[in-house]
Each structure stands twice: as C-alpha cells, then as structure tokens.
Amino acid sequence: MGEPGVPPREGRSFPSKTVMSRKPVAADASAPTLATRFKRPSAISTVGLVLVALLLFWLGVNLVKAPSVFFTVFLIGFTTGCVYALVALGYTLVYGILELINFAHGDVFMLGGMFTITFGTQLFGLKQGQGIVTVPIVFATLLLSMLACGLLNAGIELIAYRPLRNAPRLAPLITAIGVSFIIEDVGLAWKGPNYITAPSVFPQSQIFNFYGVAYEWNKLIVVAITVPVLLALLYLVQRTRQGKAMRATAQDKEAAAIMGINVNRTISFTFLIAGALAGAAGLLYSLYVTTVRFDQGFQLGLIAFTAAVFGGIGNLPGAVLGAVLIGCIQAFNEGLSWHAPGSDWTEAIVFSILIMILVFRPEGLLGERTPEGG
Amino acid sequence: MTEHQEEIAATDDDGAIHDNVGIRNELRARWQALAFKERIAIVVGLELVLAALLFFIDHSLGFAVVTVAALYWINRLPPLPWKLAGQALLVAVFLVAGPRSLAVVLAVAFATFWIPKQYRVWAGPAVAIVLAVLYPFYQSKMFTVPVFGVWPDVATGVYMIVFVMMAVGLNIVVGYAGLLDLGYVAFYATGAYTAAWFASLQFAHVTWHFGAVGIDPKLPGIHVTIWLLLLLAGVITALFGIIIGLPTLRLRGDYLAIVTLGFGEIIYDVARNSDNFIGTGFNLTNGPNGITPLDSIGFGNSLSHWTGGLLPANYLSCCNAKYLGHQIQSTDLFFWTAIVLLLITVFCSLRLQYSRLGRAWIAIREDETAAAAMGIPLMRTKTWAYASGAFFGGVAGAYYAVFKSATFPGDFYFNISVFILCMVILGGMGNITGVIVGGAFLAYLNEEGLANTGAWINANIHIGSHHPNLDVPLYASGIYGLIILIVMLFRPEGLIPSRRVAAEMHEGVHDEPLYDIAHAGSDG
C-alpha cells in the first residue's frame, strides 16, 4: 500500500505527472496509487472482484427467473435512490468542504419530512384528492421545507461546528453525533414517538404496464422533482461565483481565504444548500412513503452516507450514482424472489457494502476525479 | 481535581495557547481582567441569588446550593486553622440539624483531603474502594439528594460498574490511541452472547458441562463455569476486535469511525435476525426473544465448604448471613464481584498507559506520520489498542449478561455505543479517574437518575397549576447528545482531563492551519 506523496518507483509506465498532481481523493492515506493497483492485483482486490462477480451472478439468475419482478423492483430502487441522492449530496457537499461526516444530516432530513407534513397540512391544508391545486401547494411546501432545513443546518454549523474549526479532527465528528441525537429528540418531543402520516397526495395510478412491469405516477413525480434539483445544484456548484468559492474553499481553505473568499460564509452557504437538499428529500420521502418517525433519519442518513462513500465522497455525480446503486441494492434485497436476504438484513447489507468499499476501494467508484465536485 | 485545574489554568496565563479556541476563552479573558475582590463579590452574590431562587422551587435544593458554595469557599481558605475550623463547623451543622449521613460523608471526604499529598495517591483510591465495597451496608441509610432523590440501589451499582468497565475499555481505544470507535457495542454484544452460548440451554442438542453451578448435571446445552467464561468472552471479543480491526484500521479517523459504526449496526442486525442464521435454519441467537436464562455464577460446593462458607457456592441461592444489620443478598455478591473485575480492568489500563505499547498509542494519537517515522508499527499497535479495548468490553458484556441472566438484541443498539463514548468524553479522554467518574455518573443517570430527575421536575416545577408531566428517560439519548455537545464546545478535554489531551485539544495537534481561518470571515 503506497502512501500518497511517496515518490513513484522507477520503471513505472505512467508519466509521473498524473500521479504526483493528484490529491488523495477519498481522504484516505492508504489508498493505493494508480500504479500499484494496476501492477499487482493483490489478494484483497481479488476477493473484492469475486464478491462483485457473485453479486452479478445473483442478479443475473434473478433476472432470468423472473424478469418482470426484476424490473419492477429496479424501478422501486431507482425511485428510492433518487431520494437517497438528495441526502447523499448533502453529506458529500459538507464532507467536501470541511472533511466532516455530518451525522446530524440524516436527522435534518427527518425533520424535513416533519416540516413538510406540518406546513403542508396545517399551513396550506394539503389533503388527498384536491386535484390540480395540489401542485402549487406541494411546490410551496417544498420551498418552505427546503428553507427551514437549510436554515437549521446552517444554524447547526454556526453553533456546533464553527467553534471547533481548529480543534483536532475528531472533535467536530463527536459533536456531530451529539447534535444528531439532539435533533432526533427534538423530533420526538415535537411529534411524539409514533409514526406520523402524510396525506397520500401523489397519484398512484399506473403510467404504463409493460409485460407486468408497472410504473406509477408517484414514482415519476419523485424523479421529476429530484432531477431539476440536482441540475440546479450542479449549475450552482460549477457555473456560479458562489460555487467557485465553494470549490476553492474545499480545495484549500487558507489559499481561498488569501484570495479574498469569505471562508466562513462559504461554509455556511454550503450547509444551507445541504440542508435545503435534505429538506427536499424530506418532502419527497414523507409524501412518497407517507410515514415519518423521529428515529428514521439517522438510519436513512447512514444509508445515504454509504451512498456518498460508494460514489466517491466529495464527488457530486458520484453521490448520485452511489445513491441510485444503493437504492437498487436495497430494493433488490427486499424485493427479489431467488435467495434474497429480505428487509431484515437491509441495514447489515448496506453497512457491509460500506465496509467493503472502504476496504477495497476507499476512493469510491468515481473518486479518481478531484474531490470538489467537478 | 483542583490541582489539575490550577495547572491547566497556569498554562493559560503564560502560554496564551487558548486564544482562539471556543467561546470559553473569550469569557475567561474578560473574567481575568476583573479585580480579585470583584470576582469574589460577584460569585458569592450569584450563589446567594441562585440559592434563593431555587429555595422557592424546592427548599432542599436551595440548601444544597448553599452547602456546595460553602464547601467551595472553605476549600479556598488558608489550611490551618481556618479551613479545618470551617470543615468542622460544616460537619457539626449537619450533625445537629441536617441529615446525619451527610455529616459522615463530609467528615470522611475532609479526612481524606487532610492526608498528605504524597500518600494521597494511594490513600484516595483506597478510601474510594473501601467505601464502594461497604456500599450495600449503608445504601439504605443515606440522605436524599435534592433533584436526584435517593442513592442508587445495589443493582444499579452493578450496572454502573459494568458500564464503567466498558468506558475504561473504550478509553483505551479512544483516549489512548485516538481511534474513534462508534461501534463499541459490538464488543459488548460479543461478550454477552459468548456468555449466553456457553452457559444456557441455547445449544440443546449438545450436553456438555464444565464446572457450572446450581443446575442439574444432565441439563442439555453447554454449561461452562462463568469464571472461565468471563476470560473466554474477553479473548473471543479481542479476537473479534482484531478481525474487525485488520481491514479497517488502515483507514483514517473519521472513516474508521463510520466503519466501526457499521460493524455495530451489523452485529445488532445479526443478533436480531439470527434465529434463522443467514437462511440456514440454524438458531444462533434466538432472535428478538434473546437468550435467557443464563447459568448462575458461584464457586461450587467444594470450594465453599473448604473456605467455611466464605465463598458462596451459588450466587443466586446464597445468603442467610447478616452483617452490620444488613442481610446479604445475591445482588451484593454480584456487586462485589463487579468491583473486583473493575479493579482488574483499571489496573491493566493503568499499567498499559505508560508501557511501551501505551506510549506508542499516544504517539499515534498525536501524529501518525511522526510515530511511523520513529519506527512504531502502526497496524500492529492500533490492532493491539483495539484488541485490549475489546477484551474489557467483552468481559463486561459477559458479566452483565450473567447478572441479568439474559441477553437481548435490543441491548446492543447504536445508542449504547454513543452512551459509552459520552462517558469517556464527559469524564475526560485518556484519564482513568475521569472516565470512571463520567461513566458512573452517566450510567447512574441512565438507570435511575433521569427517572428521579423527571419525577422531581414534574413534582416541583409548575407554572400556576400546570405541571409539565415530562417523561425524562424518553429523551435520554438527546440528553447525552446535549452533554456531548456542551462538553466538546466548552471543555473538550472533559471534566477531569489528562493534561496531555487537554493540550492537544486546545493546540489542535493535527492539521495545524497556516492561516487563522476561524477569524478570517469578519474582514474577508
């Protein structure tokens, strides 16, 4: 395992510039360099390949045995993956800029669901069967929920993480866990220990039914809300001045500050955006699944974090890809018929994936690119 | 404790290393600008106002504030004759007016502090151990603490000691080696299930007995004596820790944290779902119903006879003796055994701290690259930290499972990991005394304290005739989160810090920035 910064060995076939100029991406000191990985396929990567092969074999058998179930389950997984993508992007944005795993993010997402139900039903009178009026109401609720979660997330940064900016790395991480527990209990105190239900406003009628593969409107609506949000985020990060400041801060805070970027304001803005994404995800989740409970956020947040790591943390397209993959894996696990472990094991499987990624490929699927979301 | 604080305060004055970390230092700078007499006046005034306010809520709480303030000021008097006189006066006041038991507690505490400093290193812990061992005899005679209510009963004491053991074990990983472990509950679970497998009816298709007490020798299942099992649970858990550690310890701090968290969750899932282990139909953990009952602990008939009944044959069917007006119960025996286990744990932990291995851990915690450059084998040293921490977690888990005579998957939820981490952080990472105090306090809160506090709040705090009717234990995890947040913001080194960790927390040993980012925003 070569450390980054170890000078390249002689006789390597790669031009040294490609390796030397690359920052360690997944923030892992022991990530194998490109050269070593191609030269010596170690025992550990062989094991990883065997596992991937087994997974593909299992999927293939399921596809052949029951193709309609396979594709139905895939569509479910894709929809869940879209919700995960919004949450995972929040993790990856914050990690990219502060190298902090914001454990509280999942709970902000959970509060987003609660905000949605509260604003939607109590402020706007959202209920099932309102016809076309539903659209502006959902849109207004979405904006309010995003705003509330964004402000909450920025507030968390201000109170809990900013004072620890110069402390050892573990200090803000521990604080993040504390904040997560606090927010969870805020949800508990606010809405009580039981599931709260949202009105089922997304129509569940089928769009098409192709040889038993059904696709419902509510799934399409989830995708239709997710995709513009993702595109807006990509535009924000890659095309605007503020996005440039975010990328610069992520790359090097000192240099960014010297260049006149207000580092603290940029970080606050990043938390605001991440929180807004969590708010959007909260809306989609609460209206798609229609139930929210105070302790769902942490688990779902961890799954989304796994997705972010899967795609390569700090990498925006990677987070989306990872989220869709994790969503599909979860759906396959819960929905397929041939030797699927079932929903009891979902968390164990997702966390096994997380561990295996970190062991076999800590930089994630798309982690070869720069970490600041390019 | 006071010496520690003074020493740390001293480094502030000359070093000024704290200048930009946290709200706390700004407040301190303003406070230090005041004159000495002003400070005393302000503090005494605030104390009296507080006492008066609290007196209207609950009389005893007002008195308690006055007492604590008196203790503080007596402690700052010149030692002879004023300090002694003040202490005697305080004890006398409580002997005459207040609860007598409080007077005795104060007398013992004052006496301990009059032991000369060079002996106190040994005498302090010795007094603490004696008081702990005698606890079942005087527990029922103790005074009622305002807000917190009666003193914890002995069963809570066992719980506290078990969790302190785990906190001491986690302290090796987090405090010494600086590896954030968010899945410590996995070790607790491994220990508990090891005890459950080898001392219950779980594997009824085999019948194998080895020194188990208090059961029919023909009973099916594996029944190994608990004493051996405690060791076995420790060893198996340590091996498990190594297995977890080998692939993951290469990862850097926060990644390690998330991987250990993942392992904790996986173990929980396995425990919950393995009544049908990976679809094979094999009943490994009996699923959500848990494994119960477990065999009892004891020394067996022959040892008991040989010692003339001093060592009980079986903890659960013991006890007709009565000493000092207290009927000995099986809980007391569990309590004393737990104290012995805790002493062994603390002894090992202290010996490890300044051993070659312990110094290597500290080096890795402070700077991994430098440690590697000095020839410390990173992987091996980290794995040892993991294995040692896991060992004590396993022993504690096994012992607690035997005490409860049950093990359920619900005991091994992620919250427990954070709960134990909270103990280490509250007490002070890397400091055994701190971890013991923090662990005991939080374990007490979890078992009795929060319920008692909630009852006090519901009874005493009301607006008009409106009582809040709070279910405080429901919000336990939020309260721990709040404790973690407050400690990390205002006193990141913990209540009773180790000086070295305190310095690291304030200097920011890792990634020291070239440019002051914390204050960059205002003019940027």
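Since the structure is predicted, the reported quantities are computational estimates derived from the model, not experimental observations.

How should the overall build of chain A be read in this particular structure?
Of regular secondary structure, chain A possesses 14 helices and four strands. Across chain A, the fraction of contacts at a sequence separation of at least 24, relative to all contacts at a separation of at least 6, is 77%.

I tried to follow the overall build of chain B on my own but got confused; where do I start?
Helix and strand counts for chain B come out as 20 helices and four strands. Taking 524 residues into account, the globule formula puts the C-alpha radius of gyration at 24 Å, and chain B, at 25 Å, falls close to it. When the backbone C-alpha atoms are referred to their principal axes, chain B occupies close to 75 × 65 × 55 Å. Buried positions account for 40% of the 524 residues belonging to chain B. Partitioning the contacts of chain B with sequence separation of at least 6, the portion at a separation of at least 24 is 68%.

Teacher, can you tell me more about the interface of chain B and chain A here?
Often, the extent of an interface is quoted as the loss of accessible area on bringing the components together. With 50 residues of chain B at the interface, the matching set in chain A holds 50 residues. Here the side of chain B that touches chain A takes 12 residues from helix α11 (residues 253-273) of chain B, the largest share from any one element. Classifying every residue of the side of chain B that touches chain A gives 30 nonpolar, 13 polar and seven charged.

I keep staring at the pairing of strand β2 (residues 206-210) of chain A and nothing clicks. Help me out?
Along any regular strand the residues' side chains alternate between the sheet's two faces. All names here are of chain A. Little of β2 sits out of view: just zero of its five residues are buried. In this sheet, strand β3 (residues 213-216) lies alongside β2 in antiparallel orientation, the contact comprising four bridges. Bridge pairing links Phe210 to Val213 in β3. Adjacent in sequence and paired antiparallel, β2 and β3 are bridged by two residues, among which Tyr211 carries a positive phi angle near 50°.

I keep staring at unusual backbone geometry and nothing clicks. Help me out?
Of all residues except glycine, most have a negative phi; of all peptide bonds, most are trans. In this model, Thr292 of chain B is joined to Pro293 of chain B through a cis peptide bond whose omega is 0°. Relative to the elements of secondary structure, Pro293 of chain B occurs in the loop between α11 and α12 (300-306). With a phi close to 55°, Glu99 of chain A is a non-glycine residue in the positive phi region. Mapped onto the elements of the fold, Glu99 of chain A is located in the loop between α4 (67-98) and α5 (105-123).

What is the right way to read the confidence of the model for chain A from this model?
Atom-level detail of predicted coordinates should not be read off regions where pLDDT is low. Residue and element names in this part refer to chain A. With 87% of its residues at a pLDDT of at least 70, chain A reaches an overall mean of 83. Between the elements of chain A, mean pLDDT differs from a low of 39, seen in helix α1 (residues 16-20), to a high of 93, seen in helix α11 (residues 263-289). Segment residues 1-29: pLDDT under 50, and 44 contacts once partners within four positions in sequence are set aside and those in other chains are kept. For residues 369-374, every residue scores under 50 in pLDDT, and the model assigns this stretch 20 contacts once sequence neighbours within four places are set aside.

How should the packing of α4 of chain A against helix α8 (residues 217-239) of chain A be read in this particular structure?
A pair of packed helices is characterised by two quantities: the angle between their axes and the separation of those axes. All names here are of chain A. Look at α4 against α8: their axes get within 10 Å of each other, and the N-to-C directions meet at 30°. Considering only the axes of α4 and α8, their crossing is left-handed. Between α4 and α8, the contacting residues are Leu75, Thr79, Cys82, Val83, Ala85, Leu86 and Leu89 on the first element and Lys219, Val222, Val223, Thr226, Val229, Leu230 and Leu233 on the second.

Explanation requested: the packing of helix α9 (residues 185-198) of chain B against helix α10 (residues 226-248) of chain B in the structure shown.
Residues and elements named next belong to chain B. As a packed pair, α9 and α10 sit with axes 9 Å apart at the nearest point and diverge in direction by 135°. Between α9 and α10, the angle falls in the class oblique. Helix-helix and strand crossings are classified by hand; for α9 and α10 the assignment is right-handed. In this structure, α9 contributes Phe187, Thr190, Gly191, Thr194, Ala195 and Phe198 to the contact, and α10 contributes Leu229, Leu232, Ala233, Ile236, Thr237, Phe240 and Gly241. The residue makeup of the contact of α9 with α10, split by class, is eight nonpolar, five polar and no charged.

Just to check I follow, could you spell out helix α3 (residues 43-65) of chain A for this structure?
Residues separated by three or four positions in an α-helix point in the same direction, a consequence of the helix having 3.6 residues per turn. With 23 residues, α3 of chain A extends 33 Å between its outermost C-alpha atoms, agreeing within 8% with the 33 Å of an ideal straight helix rising 1.5 Å per residue. Among the 23 residues that make up α3 of chain A, one are buried, leaving the element largely open to the surroundings.

Any chance you could explain the environment of Leu239 of chain B here in plain terms?
Locating Leu239 of chain B in the fold gives a position in helix α10. Between the C-alpha atom of Leu239 of chain B and that of Ala387 of chain B, which follows or precedes it by 148 residues, the distance is 6.8 Å.

What's the story with the environment of Gly183 of chain B in this structure? I'm lost.
Position of Gly183 of chain B relative to the elements: it lies in the loop between α8 (154-176) and α9. Discounting chain neighbours no more than four positions away, the residues touching Gly183 of chain B are Thr260, Leu261, Phe263, Gly264 and Ser417 of chain B.

Quick question: what am I supposed to make of the confidence of the model for chain B here?
Residues and elements named next belong to chain B. When pLDDT is averaged along chain B, the result is 82; 92% of the residues meet or exceed 70. Per-element confidence in chain B ranges from a low mean pLDDT of 44 for helix α1 (residues 2-15) to a high of 93 for α8. Confidence over residues 1-18 falls short of pLDDT 50; this stretch has 12 contacts with residues more than four positions distant or in other chains. Confidence over residues 509-524 falls short of pLDDT 50; this stretch has 35 contacts with residues more than four positions distant or in other chains. Overall fold confidence for the complex sits at a pTM of 0.84, while the interface term, ipTM, reaches 0.82.

When you look at the environment of Gly98 of chain B in this model, what are you seeing that I'm missing?
Residues and elements named next belong to chain B. Its place among the elements puts Gly98 in the loop between α5 (79-96) and α6 (100-114). Its 16 C-beta neighbours within 10 Å are what place Gly98 among the partly exposed residues. Separated by 18 residues in the primary sequence, Gly98 and Pro116 have C-alpha atoms spaced 30 Å apart.

The rules behind each value
Residues numbered from 1 in each chain as written. Chains lettered and ligands numbered in written order. Predicted model: local features only at pLDDT ≥ 70, side-chain atom pairs only at ≥ 80, totals over all residues. Helix = DSSP H or I, 4+ residues; strand = E, 2+ residues; numbered from the N terminus. Contact = placed C-beta atoms within 7 Å. Rg over C-alpha atoms; globule rule 2.2 N^0.38 Å. Buried ≥ 20, exposed ≤ 12 C-beta atoms within 10 Å, placed from the backbone. Nonpolar A, V, L, I, M, F, W, Y, C, P; charged D, E, K, R; others polar. Pairing = 2+ DSSP bridges. pLDDT = per-residue confidence, 0-100. Axes fitted to C-alpha atoms, helices over the stretch in contact; angles between N-to-C directions. Left-handed = near helix turned anticlockwise from the far one by under 90°. Parallel < 35°, antiparallel > 145°, perpendicular 65-115°, else oblique. Expected span 1.5 Å × (residues − 1).

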